[in-house]
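Residue-level structural notes
Given next are the chains, with one letter for each unit.
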Amino acid sequence: MSGIGAALLNSLDIGLLLFIIAVGLNIVFGVLNIINFAHGALYMLGAYLAFTLINIAGMPFWAALLLAPIGVAILAVIIDRVLLRFIYSRDVADSLLLTFAILLIINESVRMIWGSGIHVVQPPDLLSGSVRLLGSSVATYSLFVIVIGLLLLAGLWYLFNRTRVGRIMRAAALDRDMAEALCINTRLVVTGVFAFGAWLAAVGGVMAAPMRALDPGMGDKIIIESFIVVVIGGLGSFPGALLGAIILGLIHGFGGRYLPEVNLLLPFVGMALVLLFKPHGIMGKGAHA
Amino acid sequence: MKKMTIRNLLVAMTATATLGTAGTSFAEDPIRIGGLYILSGSAATYGEFAQKGINLAVDEINDSGGILGRQVEMIYEDTQGKASVAIQAARKLVYSENVDALVGLDSSGVAQGMVPTMPELQKPLIITHAATPDVTGKLCNSFTYRISVNVAQNMKAAAMVAAETDATNWTTIGPDYAFGHQSWEFFGNYLKEINPDVNLMSETNFPRFGAEDFTPFIDRVMDSDAKGVLISVWGGDLVNFIRQANTRGFFEEDLEVMFTVGAATEVLTALGEEMPEGVHLSTRYWYEAYDNDINDRFVKAYLDAYGNPPSYNAEGAYAAIYAYKQAMEAAGTTDGPAVAKALSGMSMEAPNGTVTFREGDNQAMVSPNWGVSGPMHPEHGIRTLTNLQIFDGEKVARTIEETGCKL
């Protein structure tokens, strides 16, 4: 009856949330050449900051959506200036180790500050409840996630293809020495890109807060899914993050309904197939793009 | 490449150095009990509940003279919910920290891996949370005891509750590991025994543990002709499940809904009014179910100390420390095998009444609690349980033969 429409909307809502998170991971890798293990922890921080602003400070959801990601971006600037700047010139493996350490520190800090209990954030009144769409009842908030995901997608495309800032970021990604020779302040670009990636993670966290129970393990869960997205779509590729996220969303939305016995397996089968036939991901270009 | 090797070497050296220093102090006076719980990650809240319960017991015992005249000291290790980590941690506690006894284990998977190594350690272990029937069944041994309700006991009670309803067509939604599958298996078998006419649907639902989004499985059950559904999703997953089920209109369907760990206080606290009324909820210990002095004192002390009503996990851990006090005093020693022997067949008074570790499988005969979610509690901010049923621990337990345990 309601099957396909509900599955499709469910896939889009999961897929676009994943896209918001995975695209930040990909931009950071593309420009800085580091694989940021702490990306999921920054997502979690976004969610917990939103919890604090909404449930404890009593602010509206919209204020949290604006402020929490800025807070996380400021923290990212500090992380970049105090820690990451020492390892940009080193092997990718070093960045994995360092960001893994940052992840552990953030995870434990979240547990110490907010406790290990389960927290819940309510969606704003405007978006609570559900509507009938495509023959099934859908949470209004899920539609909001889909709309925000699409807006961010359009905004990012515009940023990278139509603005000077976007071109500078792409130039720094392609050849940092040459960019520097052309009087681009690459240090500023590097810090800016890392903060922007963290901002995206935190936007994902605030968006997720009303639909996901908050606990100190939520960052670890999302980082694994984000890595699957990135492997399927292509590490460092912007369209790849979108494609990978939508594929994973579809696997979740349709796999859970129609192939429940193998729903655990499907994302990994997808990942294995991509690795076999397109080792750099569907949209990957070998070197980072 | 060479640089990598040197670094790895350095890391290994530092790690060994810290291990060495940790083990040097030797226990003289206090009795040391090792606690093995999940203290990090998503399920860290369960380890913390256990610690809260244990802290109360240890303080009470130490204030009234300790065990065998000695003070009690706790040492905790994080199992991270992984069997391999738990086994290492237990060895460290026994060999380096010289603990006299162990309590712990939050996960069935961890318990299945860890329990077979207990005879090697020669120290008693009281499991306070993990519910797989296997550890007091085919994997049982003379050092492993469990003070909490296991899946077989709780599912027999669940089948009795289910048999009272009109639903004849049953399915399940449960996490895709031992706990979810065993819950459905035991529930189905017991329900068939009571009422051979019920239909156990072949269409079952086992989402990934930690799946976060359960919408596909909720829709699948709503689109099927199920009239009853056993849900063994727990913890943060359960909070997500219920909120998503609310937006889908799941609870307005003509369905008997049974949550096997639904009356866990941490879940009820997080959900508040979002937990629907009129669904069947179970827990291994409901704080308002027992009218005795020990429970009154325990609940009051817990509320005073932490501001929330105690969860089942806190109660199990609290009682386990008192079980060791009684066993060590009966044995007159802290010697591992002697204490383990004293636990066998021992009866004790706990917040949930008289608890007996059955000789033959070392499972405590404790009572599963089932009820129906009712109005909000005026002070505690959580749903109350109405139509509360306290099942007789002996009656819902498997026979020793059925457990497959040979001691």
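Note that the structure is a prediction, hence the values are computed from the model and not measured. (Residues numbered from 1 in each chain as written. Chains lettered and ligands numbered in written order. Predicted model: local features only at pLDDT ≥ 70, side-chain atom pairs only at ≥ 80, totals over all residues.)

1. Description of the overall build of chain A
Tallying secondary structure elements over chain A gives eleven helices and two strands in all. When its helices and strands are written in sequence order, chain A yields α-α-α-α-β-β-α-α-α-α-α-α-α. Here the C-alpha atoms of chain A give a radius of gyration of 19 Å, agreeing with the 19 Å that 2.2 N^0.38 yields for 289 residues. For chain A, the spread of C-alpha atoms along the principal axes amounts to about 60 × 50 × 35 Å. Burial analysis of chain A (289 residues in total) assigns 52% to the buried set. Within chain A, contacts between residues separated by at least 24 positions form 76% of all contacts whose residues are at least 6 apart in sequence. (Helix = DSSP H or I, 4+ residues; strand = E, 2+ residues; numbered from the N terminus. Rg over C-alpha atoms; globule rule 2.2 N^0.38 Å. Buried ≥ 20, exposed ≤ 12 C-beta atoms within 10 Å, placed from the backbone. Contact = placed C-beta atoms within 7 Å.)

2. Structural notes on unusual backbone geometry
What is expected of a backbone is that most residues other than glycine have negative phi and most peptide bonds are trans. Residue and element names in this part refer to chain B. Although it is not a glycine, Gln122 sits at a positive phi angle of roughly 60°. Assignment of secondary structure puts Gln122 in the loop between helix H5 (118–121) and strand S4 (125–127). The class for Gln122 is exposed, based on 12 C-beta atoms found within 10 Å. The phi angle at Asn387 is positive, at roughly 50°, despite the residue not being glycine. Counting through the fold element by element, Asn387 comes out in strand S14 (residues 383–390). Judged by the 11 C-beta atoms lying within 10 Å of it, Asn387 falls in the exposed class.

3. Section: the nonpolar core
Residue and element names in this part refer to chain A. Core analysis: the largest hydrophobic core is formed by 226 residues, its most contacted members being Ala47, Ala50, Val72 and Ala202. Take this core: its biggest share by element is 19 residues, from helix H1 (residues 3–32). Aside from chain neighbours lying at most four places away, what touches Val72 is Leu42, Leu45, Gly46, Leu49, Ala198, Trp199, Ala201 and Ala202. (Core = buried A, V, L, I, M, F, W, Y, C linked by C-beta atoms within 7 Å.)

4. Digging into the interface of chain A and chain B
Across the boundary between the two partners, chain A contributes 28 residues, which contact 27 residues of chain B. Those elements giving two or more residues to the side of chain A that touches chain B turn out to be H1, strand S2 (136–139), helix H9 (218–233) and helix H10 (238–258) of chain A. With five residues, H1(A) is the largest single contributor of residues to the side of chain A that touches chain B.

5. Observations concerning the pairing of strand S10 (residues 280–283) of chain B
Residues and elements named next belong to chain B. Along S10, one buried face is formed by His280 and Ser282 and the opposite face, lined by Leu281 and Thr283, is buried too. One ladder, built from two bridges, connects strand S9 (residues 256–259) with S10; its direction is parallel. Paired with Phe259 across the two strands is Leu281, which belongs to S10. Crossover handedness for the path S9 to helix H10 (residues 265–271) to S10: right-handed. Bridge count between S10 and strand S13 (residues 369–376): four bridges; the pairing is antiparallel. Its bridge partner lying in S13, Leu281 is registered against Gly371. (Pairing = 2+ DSSP bridges. Right-handed = clockwise from strand over helix to strand, strands pointing away.)

6. Comments concerning H1(A)
Residue and element names in this part refer to chain A. With 30 residues, H1 should reach 44 Å at 1.5 Å per residue; the first-to-last C-alpha distance of 43 Å fits that figure. Most pronounced at Ile20, the bend in H1 amounts to some 25°. Along H1, 26 of the 30 residues are buried, which leaves the element largely enclosed by surrounding structure. Following H1 by one or two positions, Asn33 adopts a phi angle in the positive range, close to 60°. (Expected span 1.5 Å × (residues − 1). Bend = angle between axes of the 7 residues up to and from the residue.)

7. Structural notes on the environment of Thr204(B)
Residues and elements named next belong to chain B. Tracing the backbone through its elements, the reader meets Thr204 in the loop between strand S7 (199–200) and helix H8 (215–223). Judged by local crowding, Thr204 falls into the buried class, with 22 C-beta atoms found within 10 Å. Once the C-alpha coordinates of Thr204 and Ser224 are considered, the two residues, 20 residues apart in sequence, prove to be 11 Å apart. In this structure Thr204 touches Thr171, Thr172 and Trp184, once residues within four positions along its chain are discounted.

8. Describing the sheet that holds strand S5 (residues 144–146) of chain B
Strand pairing in a sheet takes place through backbone hydrogen bonds and is either antiparallel or parallel in direction. Residue and element names in this part refer to chain B. With parallel pairing, five strands are arranged side by side in an open sheet as S2-S1-S3-S4-S5. One side of each edge strand has no neighbouring strand; the edge strands of this open sheet are strand S2 (72–78) and S5. Sheet twist, expressed as the average angle between the axes of neighbouring strands with direction ignored, equals 25°. As paired elements, strand S3 (residues 101–104) and S4 share three bridges and run parallel to each other. If you follow Leu102 over to S4, its bridge partner there is Leu125. (Axes fitted to C-alpha atoms, helices over the stretch in contact; angles between N-to-C directions.)

9. Structural notes on the sheet that holds strand S8 (residues 228–231) of chain B
Residue and element names in this part refer to chain B. Strand order in the open sheet formed by seven strands is S7-S6-S8-S9-S10-S13-S14, with mixed pairing between adjacent strands. In this open sheet, the two strands that pair with only one neighbour each are S7 and S14. Looking at chain direction, S13 and S14 are connected through five bridges and run antiparallel. Across the sheet, residue Ser373 finds its bridge partner in S14, namely Leu385. Relative to the sheet, helix H7 (residues 178–194) contacts strand S6 (169–173), S7 and S8, its axis offset from that of S8 by approximately 140°.

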